[in-house]
Amino acid sequence: MGVYVNPPADGFAEIVNYKKYIDKSEMIAYTNKVLGTPDKLTCFSRPRRFGKSFAAQMITAYYSRGADARTLFEGMKIAKTKGISDFEKNLNKHDVIALDMTPFVALAESADEIVRDLQRDVIEELAEEFPDCIREDTKNLYKALLQINRKTGRKFFIVIDEWDMIFREAKNSINAQKDYINLLRSLFKSNQTSQMIIGAYMTGILPIKKYGSQSALTNFREYTMLNPGILAEFVGFTEHEVRGLCKKYHLDFDAARKWYDGYR
């Protein structure tokens with residue numbers, strides 16, 4: 001159990017305990033379905049306040065070997081599904097690397113050190129979780145995961161919340177952006193991706209696209225504001241859910257609609 005590697009379910013437990021929590025666990029049925037397939041890489045891009053980070057916490061809690069999330073999920077919709085999205089099949093059975101890019105960007109002494117700091121911190125935890133697997137001179141996350149896979153056969157589910165933070169907050173640092181894109185491409189768009197990655201979930205405000213001279217991460221299945229696809233109901237609130245909350249807390253639905261009716 002670590003901060004980044006196989007973290008506990010504390011973050012999601014706090015969300016579930018919030019009285020206005022809406023069960024979005026059926027999203028896990030989708031991630032289970034694409035796990036270990038060519039569609040295993042998922043990216044959600046939305047404006048702020050759409051619950052993207054809540055979903056990232058949920059997915060982390062569900063897959064992480066370092067979490068004991070059974071009691072959190074037992075009463076939820078995902079626990080009642082059958083077949084390929086079976087509740088028991090993947091519950092806390094996978095090695096997870098969960099990254100929130102916000103503190104890495106905020107705490108780095110300079111933008112050019114963000115990616116270096118990220119890799120250093122994650123590799124330190126990986127070395128503790130998988131002793132005698134990573135060479136002492138390894139400073140690249142891609143190489144560390146390959147070394148672990150070669151020794152143990154284990155694959156990783158990677159969760160990156162606010163994946164685009166570097167592009168939004170370090171927009172003048174071309175070197176930082178280049179280092180970050182190269183890291184992402186090594187993890188998700190290399191010949192070894194299938195060897196070390198079993199799935200991924202990324203969130204951000206910006207869609208994945210071409211930045212400068214860097215190639216896009218085209219192998220991600222991207223769900224955007226304009227093209228939400230089959231996962232539309234799992235990000236933000238549906239009208240049915242808002243009506244239910246208004247009824248529960250004695251609020252006027254029409255008044256709520258007047259104040260907030262999507263991005264019009």
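Residues numbered from 1 in each chain as written. Predicted model: local features only at pLDDT ≥ 70, side-chain atom pairs only at ≥ 80, totals over all residues. Heavy atoms only, no water.

**Considerations on empty space enclosed by the protein**
A complete count under the given rule lists one cavity of 30 Å³ or more for this structure. As a volume, the largest cavity reaches approximately 40 Å³. Forming the boundary of the largest cavity are Leu99, Met101, Leu118, Ile160, Tyr180, Leu183, Leu184 and Leu187. The residue inventory of the lining of the largest cavity, partitioned by class, reads eight nonpolar, no polar and no charged. (1 Å grid on protein atoms, 1.4 Å probe; cavity = no way out; pocket = protein on both sides within 12 Å on 5 of 7 lines; lining within 4 Å. Points joined across faces, edges and corners; volume = space filled by probe spheres on them. Nonpolar A, V, L, I, M, F, W, Y, C, P; charged D, E, K, R; others polar.)

**Considerations on the layout of surface pockets**
Estimated volume of the largest pocket: approximately 1500 Å³. Mapped by element, the contributors of at least two residues to the lining of the largest pocket are α1 (10-16), α3 (52-63), α12 (239-248) and α13 (253-259). The class makeup of the residues in the lining of the largest pocket is 25 nonpolar, six polar and 10 charged. In this model, the second largest pocket occupies a volume close to 320 Å³. Taken together, 20 residues line the second largest pocket, and the ones lying closest to its centre are Val3, Gln57, Thr60, Ala98 and Asp100. Secondary-structure elements contributing two or more residues to the lining of the second largest pocket are α1, α3, β2 (95-100), α6 (101-107) and β3 (156-161). Examining the composition of the lining of the second largest pocket, we find that five residues originate from one element, α3, more than from any other. In terms of residue class, the lining of the second largest pocket is built from 13 nonpolar, four polar and three charged. (Helix = DSSP H or I, 4+ residues; strand = E, 2+ residues; numbered from the N terminus.)

**Observations concerning the environment of lysine 24**
Considering the arrangement of structural elements, one finds lysine 24 in the loop between α1 and α2 (27-34). Each C-alpha atom of the pair lysine 24 and alanine 144 lies 33 Å from the other, and the pair is 120 residues apart in sequence. Ignoring anything within four residues of it in the chain, the contact list for lysine 24 reads Met58, Glu233, Phe234, Gly236, Phe237, Thr238 and Glu241. At 2.8 Å, the side chain of lysine 24 forms a polar contact with the side chain of glutamate 241. (Contact = heavy atoms within 4.5 Å. Polar contact = N/O pair within 3.5 Å; in protein donor to acceptor, adjacent residues only side chain to side chain.)

**Thoughts on the nonpolar core**
Soluble globular proteins tend to pack their nonpolar side chains together in the buried interior. Grouped together as the largest cluster of nonpolar side chains are 47 residues, with contacts concentrated most on Leu126, Leu145, Ile160 and Phe188. Element by element, the count of residues in this core is highest for helix α10 (residues 174-188), at seven residues. In contact with leucine 145, other than residues within four places in its own chain, are Ile97, Leu126, Phe156, Ile158, Leu187, Met196 and Ile197. By size, the runner-up hydrophobic cluster in this structure holds 36 residues, among which are Phe44, Ala67, Ala69 and Met76. (Core = buried A, V, L, I, M, F, W, Y, C linked by side-chain atoms within 4.5 Å. Buried < 20%, exposed > 50% of the residue type's maximum accessible area, 1.4 Å probe, protein only.)

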